[in-house]
Amino acid sequence: MIGFQRDGAALACDGVPLDRIASAEGTPLYVYSSATIAARYRAIDEAFAGYPHRIHYALKANSTLAIARLLRGLGSSADANSGGEIEVAILAGFTPAQIVFTGVGKTSGELAQAVALGVRSINVESEGEIARLDAIARERGVRTSVAIRVNPDVDAKTHPHISTGLRTNKFGIPASDVPDICRRAQFMDGIQIVGLHAHIGSQITDLAPLANAARALVTLARELRDKGTTIEHLDIGGGLGVSYDGEPVPGPVDYANAVLPILRESGLAIVLEPGRHIIAPAGALLTRVVDVKDAGVRPTTLEPRAFVVMDAGMTELIRPMLYDAFHRIEPVVRTGAPLVCADVVGPLCESSDTLGRDRMVPRPQVGELYAVLDAGAYGAVMSSNYNRRLFPAEVLVENGAWRVIRRRQKLQDLLALES
Ligand SMILES: Cc1ncc(COP(=O)(O)O)c(C=O)c1O
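Residues numbered from 1 in each chain as written. Predicted model: local features only at pLDDT ≥ 70, side-chain atom pairs only at ≥ 80, totals over all residues. Heavy atoms only, no water.

Undergrad: Please clarify how helix H7 (residues 178–185) should be interpreted in this entry.
TA: Two residues of an α-helix separated by three or four positions point the same way, owing to the 3.6 residues in each turn. All of the buried residues in H7 are Val 178, Pro 179, Ile 181, Cys 182 and Ala 185. All buried residues of H7 project into a common sector of 165° when viewed along the axis, lining one side. Against the buried residues of H7 lie helix H6 (127–139), strand E9 (144–151), strand E10 (173–174), strand E11 (191–197) and helix H8 (207–226). (Buried < 20%, exposed > 50% of the residue type's maximum accessible area, 1.4 Å probe, protein only. Helix = DSSP H or I, 4+ residues; strand = E, 2+ residues; numbered from the N terminus. Arc of directions from axis to C-beta. Contact = heavy atoms within 4.5 Å.)

If you want it as structure tokens, here you go:
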């Protein structure tokens, strides 16, 4: 049994009961299934097996060291989005040649760090950044490999806050500007343009935009080749979505079927940067009920409503507040209590601190354990210390046992930074 599944009434991770883990480690707690991570990584790798490809796991989705190491062990390379993620990638054992560096606002310090390490490719976002990078590389007497992040002006049809491929988004260089920029870059001694990159957004469940972005890259690569710039790879970014509500969504094979026929025409190797698709369903946030409050009645049915106050909220999982994201929220051990319509809320001093609205749950008891599912991506990495709350612990379940991969933060950890 892999992933989060019920063994009778009780929810387990890779067969290990979640209530046992929470009793030992406390809550709020992130729990990850290593078997799920491995299966989902391999599913992508196998879907693209017939074509030269490299998977650069997007560390931004979840960069806890043990997770990064696990993915490296599976054969993944890494996509880093900051100097910090580059450091983490190196600590996790990725070689510089396995790292691509993306980011809309790379500082000169971060660019110098990437140049000094000799990362595989720096995905550049503007002509200004190319000039800065050229200067940094020349100063060091090296030529740095660059991929141009193209803004293909494609609507990813996802939540606007995670849409990155439209002309109105801050990301990348408009496709029409790229040939001239490449022509000018040919005269720069610090720059070698090796690739084109596009990442149009996240949680994409309609494959047409991903195919359109791939087509834009192939068309541009052909145009560049005709004008004398030889491209070695096309980086098609991440973005493949997951099902948060249990409804079917396209998987890696559908994705490969949608983009490979287009990419094949280029004859170029491809880079993929999946994050969410690998790690979201591999993680759950465990949280306990701290209070149950009367919330009046449902206007339509006059049934009683409740606020179920949890010990986790926007400081542990901000996706529902930031993107109106839906996560399934389930009691870890099913009770026979009558169902009640509840707003499942966090403890923070914000009304937006709501994990789920209008959820039918068995009337909860204080102390009862709940799981917020599919929380492995953009969950723990987005934690904050607002209200002086402490980062939750994280555990990884492997081979029928678990280990703490990040200990719970202590107040002293926070105060150590202050005078
Ligand atoms: C450049 C880039 N690559 C890859 C990803 C990973 O996206 P996802 O987690 O949706 O696969 C992101 C996330 O937004 C990104 O900005």
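Undergrad: Can you walk me through the site of the ligand in this structure?
TA: Lining the immediate environment of the ligand, one finds 15 residues, of which Ser 202, Gly 239, Glu 273, Arg 276 and Tyr 378 sit closest. Within the side chain of Lys 60, an N or O atom sits 3.5 Å from an oxygen atom of the ligand. Expressed as a share of its isolated accessible area of 400 Å², the protein-covered part of the ligand is 92%. Residue composition of the shell around the ligand, by class: 3 nonpolar, 7 polar and 5 charged. (Near = heavy atom within 4 Å. Polar contact = N/O pair within 3.5 Å; in protein donor to acceptor, adjacent residues only side chain to side chain. Areas by Shrake-Rupley, 256 points an atom, 1.4 Å probe, with all protein chains shown as cover. Nonpolar A, V, L, I, M, F, W, Y, C, P; charged D, E, K, R; others polar.)

Undergrad: Can you help me understand the nonpolar core in this one?
TA: The biggest cluster of nonpolar side chains holds 108 residues, and the ones touching the most others in it are Ile 37, Phe 48, Ile 148, Leu 196 and Leu 234. Here the element with the most residues in this core is H8; it accounts for 10 residues. The next biggest cluster of nonpolar side chains, apart from the first, holds 18 residues, and it includes Cys 13, Val 16, Val 332 and Ala 371. (Core = buried A, V, L, I, M, F, W, Y, C linked by side-chain atoms within 4.5 Å.)

Undergrad: Can you walk me through the sheet that holds strand E1 (residues 4–7) in this structure?
TA: The strands that make up a sheet are held in pairs by hydrogen bonds between backbone atoms, and each pair lies either parallel or antiparallel. Sheet architecture is open: 3 strands sit in the order E1-E2-E3, paired in antiparallel fashion. Of all strands in the sheet, those with a lone pairing partner are E1 and strand E3 (16–17), marking the two edges. Of the pairings in the sheet, the one linking strand E2 (residues 10–13) to E3 comprises 2 bridges and is antiparallel in character. Residue pairing across strands places Cys 13 opposite Val 16, the latter belonging to E3. (Pairing = 2+ DSSP bridges.)

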